[in-house]
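Fold and geometry: a report
Here is how the chains run, residue by residue.
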Amino acid sequence: MTSGPANGAGAMERYRRLVILVVALLVAALLALSPEIHRQIVTLLALAEPIIEAHPVWGAVVFTAISALGAVLVFVSSWLLVPLGVQAWGPVGCFVLLWAGWFLGGIATYSVGRYLGRPIVRRLLPEPVITRYEGRIPVGGRFLPALLVTVSVPSDIAGYFFGLVKYPAGVYLSALAIGEIPYGLAAVFLTDAFLQRKLSLLLILAGVAGLAGFWAWRRHGGRSTPETQATEAERRGL
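Scoring rules and cut-offs
- Residues numbered from 1 in each chain as written.
- Predicted model: local features only at pLDDT ≥ 70, side-chain atom pairs only at ≥ 80, totals over all residues.
- Heavy atoms only, no water.
- Helix = DSSP H or I, 4+ residues; strand = E, 2+ residues; numbered from the N terminus.
- Buried < 20%, exposed > 50% of the residue type's maximum accessible area, 1.4 Å probe, protein only.
- Contact = heavy atoms within 4.5 Å.
- Core = buried A, V, L, I, M, F, W, Y, C linked by side-chain atoms within 4.5 Å.
- Axes fitted to C-alpha atoms, helices over the stretch in contact; angles between N-to-C directions.
- Parallel < 35°, antiparallel > 145°, perpendicular 65-115°, else oblique.
- Left-handed = near helix turned anticlockwise from the far one by under 90°.
- Nonpolar A, V, L, I, M, F, W, Y, C, P; charged D, E, K, R; others polar.
- Expected span 1.5 Å × (residues − 1).
- Bend = angle between axes of the 7 residues up to and from the residue.
- Patch = residues over 30% accessible without salt bridge, like charges linked within 9 Å, V, L, I, M, F, W, Y side chains within 5 Å.
- Areas by Shrake-Rupley, 256 points an atom, 1.4 Å probe, with all protein chains shown as cover.
- Salt bridge = Lys/Arg side-chain N within 4 Å of Asp/Glu carboxyl O.

Notes on the overall build of the protein
Counting its secondary structure elements, the protein contains 12 helices and zero strands. Residues classed as buried in the protein amount to 45% of the 238 residues present. Contacts in the protein between residues far apart in sequence, at least 24 positions, make up 82% of those at least 6 positions apart.

A short note on the nonpolar core
In this structure, Val121, Phe161 and Phe162 are the most contacted members of the largest nonpolar core, which totals 26 residues. For this core, the secondary structure elements donating two or more residues are helix H6 (82-116), helix H8 (127-133), helix H9 (143-152), helix H10 (155-164) and helix H11 (169-195). Here this core gets six residues from one element, more than from any other, and that element is H10.

Notes on the packing of H9 against H11
Where H9 meets H11, the closest approach of the two axes is 8 Å, and the angle between their N-to-C directions is 40°. With respect to H11, the axis of H9 lies oblique. Every pair of crossing elements has a handedness; the one defined by H9 and H11 is right-handed. Between H9 and H11, the residues in contact are Phe143, Ala146, Leu147, Thr150 and Val151 and Val171, Tyr172, Ser174, Ala175, Leu176, Ile178, Gly179 and Tyr183, respectively. When its residues are assigned to classes, the contact of H9 with H11 shows 10 nonpolar, three polar and no charged.

Let's talk about H6
In this model, H6 (35 residues) spans only 31 Å end to end at C-alpha, well below the 51 Å of a helix rising 1.5 Å per residue. When the local axis directions of H6 are compared, the greatest deviation, roughly 115°, occurs at Gly90, which is followed within four positions by the proline Pro91. Positive phi shows up at Gly117, right after H6, with a value of about 85°.

Some details on a nonpolar patch on the surface
Taken together, the side chains of Val92, Val96, Phe143, Leu144, Leu148, Ile178, Ile181, Leu185 and Phe189 define a hydrophobic patch exposed on the protein surface, amounting to about 780 Å² of accessible area. Among the elements that take part in the nonpolar patch, H11 stands out by supplying four residues, more than any other.

The following block contains the structure:
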């Protein structure tokens, strides 16, 4: 029987992106409190502008590629590049590139799971992660359960398992395209709020995100529902 602490750890892992968002908001608010630190960060980000202006196409390609890599490998995060992207292309342009990278990464992870199978996935993901998530992918090929999973499960994990269970590609990709939107919008517009030192907005949104994460942890910590639990027979091919 799973213990309470283990349940809590599993819930924290499931909502990892939300946790990262809350922490990033708090850190951004603390940094923005100091005008001098904020000025130095903005100045440092501005150093990359001439390079991107000189190579606009390659700059966008590299940014998108790193974003895609962050959606493929667990230990790579593209969130750290968001301030640079906002500074270079503005919130809208950065969002488009970030979303495109995450979407391409989702296609890659799904393809690996579906066509290369479990042996390759086991090389890319730690075994505890596989054990924790392999039963959370819904069965039946429905859109809404897939959307809920793409929103709640880290994108660098979910795609592999959707591929392993051979979830309908069109349904998964539609859910992925919509599910990445709120995270992309949050990343770029909150970064823009930091760059403009909108301290009250940062703190309010950090509080809202923290409450949402706490509610999700209390409500779903350690539990799996029949809608998202695949049967052993359906997961035998994983």
